[in-house]
Amino acid sequence: MEVVPPLVLRAEQAAAEVGMPLRRTGSGPSCCLPDAGRFLAMLAAGCTGGTIGESGTGVGYGAAWIASAMPADCRLITVESDENRAAAARWVLADDPRVEVIHGDALPELTRRAPYDLLFADGGQQPPEIVELLRVGGRLVNDDVTPADLLPVDSPYRLHDPKRTFFFADPRLIATEVVLPDRHNSLLVGTRTA
Ligand SMILES: C[S@@+](CC[C@H](N)C(=O)[O-])C[C@H]1O[C@@H](n2cnc3c(N)ncnc32)[C@H](O)[C@@H]1O
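The structure presented is a predicted model; accordingly, all values stated were derived computationally and were not measured.

(A) Just the pairing of strand β6 (residues 173-179), in detail. Where β6 meets strand β7 (residues 186-192), seven bridges bridge the pair, whose relative direction is antiparallel. Across the sheet, residue glutamate 177 finds its bridge partner in β7, namely leucine 188. Remark: six residues form the turn of the hairpin made by β6 and β7, two consecutive strands paired antiparallel; arginine 183 in that turn has positive phi of roughly 65°.

(B) Structural detail: the pattern of salt bridges. Taken as a whole and assessed by the stated rule, the structure comprises 10 salt bridges. For aspartate 96, the salt bridge is made with arginine 98, and the minimal N-O distance between the two is 2.6 Å. Arginine 135 is the partner of aspartate 117 in a salt bridge, and the nearest nitrogen-oxygen pair spans 3.1 Å. Of this pair, aspartate 117 sits in strand β4 (residues 116-121) while arginine 135 sits in strand β5 (residues 134-145), and the two are 18 residues apart along the sequence. Among the charged side chains, a salt-bridge network with shared partners connects Glu132, Asp170, Arg172 and Arg192.

(C) Structural detail: the domain arrangement of the protein. When its domains are assigned, the protein resolves into domain 1 (1-11 + 51-125) and domain 2 (142-194). Distance between the C-alpha centres of domain 1 and domain 2: 23 Å.

(D) Structural view of the site of the ligand. Taken together, the neighbourhood of the ligand is formed by 23 residues, with Gly56, Glu80, Arg85, Asp105 and Asp122 sitting nearest. A distance of 3.1 Å separates a nitrogen atom of the ligand from a polar atom in the backbone of serine 81. Backbone polar atom of glycine 124 to a nitrogen atom of the ligand: 3.2 Å apart, as the coordinates give it. Bound to the protein, the ligand loses 86% of the 610 Å² it would expose on its own. Elements that contribute at least two residues to the shell around the ligand include exactly α3 (61-69) and β2 (75-80). Of the residues in the shell around the ligand, the class split is eight nonpolar, nine polar and six charged.

Reading guide: rules and limits
Counting starts from 1 at the beginning of each chain's written sequence and moves along it residue by residue. Per-residue local features of the predicted model are confined to residues with pLDDT of at least 70, and side-chain atom pairs are confined, for both listing and counting, to 80 or more; whole-chain, interface and lining totals are unaffected and use all residues. The basis for every side-chain value is the complete set of heavy atoms in the structure, and neither hydrogens nor water enter the calculation. For two strands to be treated as a pair, DSSP must find no fewer than two bridges joining them. Secondary structure elements are defined from DSSP: runs of H or I of at least 4 residues count as helices, runs of E of at least 2 residues count as strands, and each element is numbered from the N terminus. For this document, the term salt bridge refers to a Lys or Arg side-chain nitrogen within 4 Å of an Asp or Glu carboxyl oxygen. Domain delimitation in this document rests on an assignment produced automatically or drawn from a domain database. Any residue with a non-hydrogen atom lying within 4 Å of a molecule or strand is treated as near it. Throughout this description, a polar contact denotes any pair of N or O atoms lying within 3.5 Å of each other; where both atoms belong to protein, one of them has to be capable of donating a hydrogen while the other can accept it, and for residues adjacent in sequence the pair is counted only when both atoms sit in side chains. We get accessible surface area from the Shrake-Rupley algorithm with a probe of 1.4 Å; when it comes to residues, only the shown protein chains can shield them. Put simply, Ala, Val, Leu, Ile, Met, Phe, Trp, Tyr, Cys and Pro go in the nonpolar bin, Asp, Glu, Lys and Arg in the charged bin, and everything else, Gly too, in the polar bin.

Below, the structure is given as structure tokens:
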């Protein structure tokens, strides 16, 4: 049976308190999907002695998955621009000294603390320079991707999807798309090779 870590349940409570949806609603930010959280946890578990970054903490739902799985000597830096959400995430993660929740603009804050073994880019800008924030061998993850087969026939994303282009056209990344078990959502993951 798949176990949901207690910290993730605490993040669900925080999401309810600040009115952040657990699922995509089409308008406004939501928490990452549980299967995305589990995928991040799987990657985080391998970051021995490493540093993990997250842009767009929300209320700390993805961060809770990551923190629940990362090795004891790993740290997580997560940045949220919305003050209420950052405060909620601080409450969720308050008992874990390995986690730093920063209220601010993700790109400059994460740049100051780079490099990362794992970077979950989930809020704010994602310029090509973000790849430079990874160590060689580090992983970049984006969520909220719709599998190509499920896109409406007239969707412009069938011809050009900026997220997919970002991952698959960058010569510094070996990338793949991971369709989640619900088969309706994907993640993009890239490993920095140079
Ligand atoms: C999709 S939600 C994050 C969900 C969260 N990563 C999780 O796994 O539950 C995106 C968040 O990014 C935040 N955000 C948007 N622009 C940002 C920026 N420039 N710097 C930091 N956070 C930002 C939004 O306020 C929002 O809370």
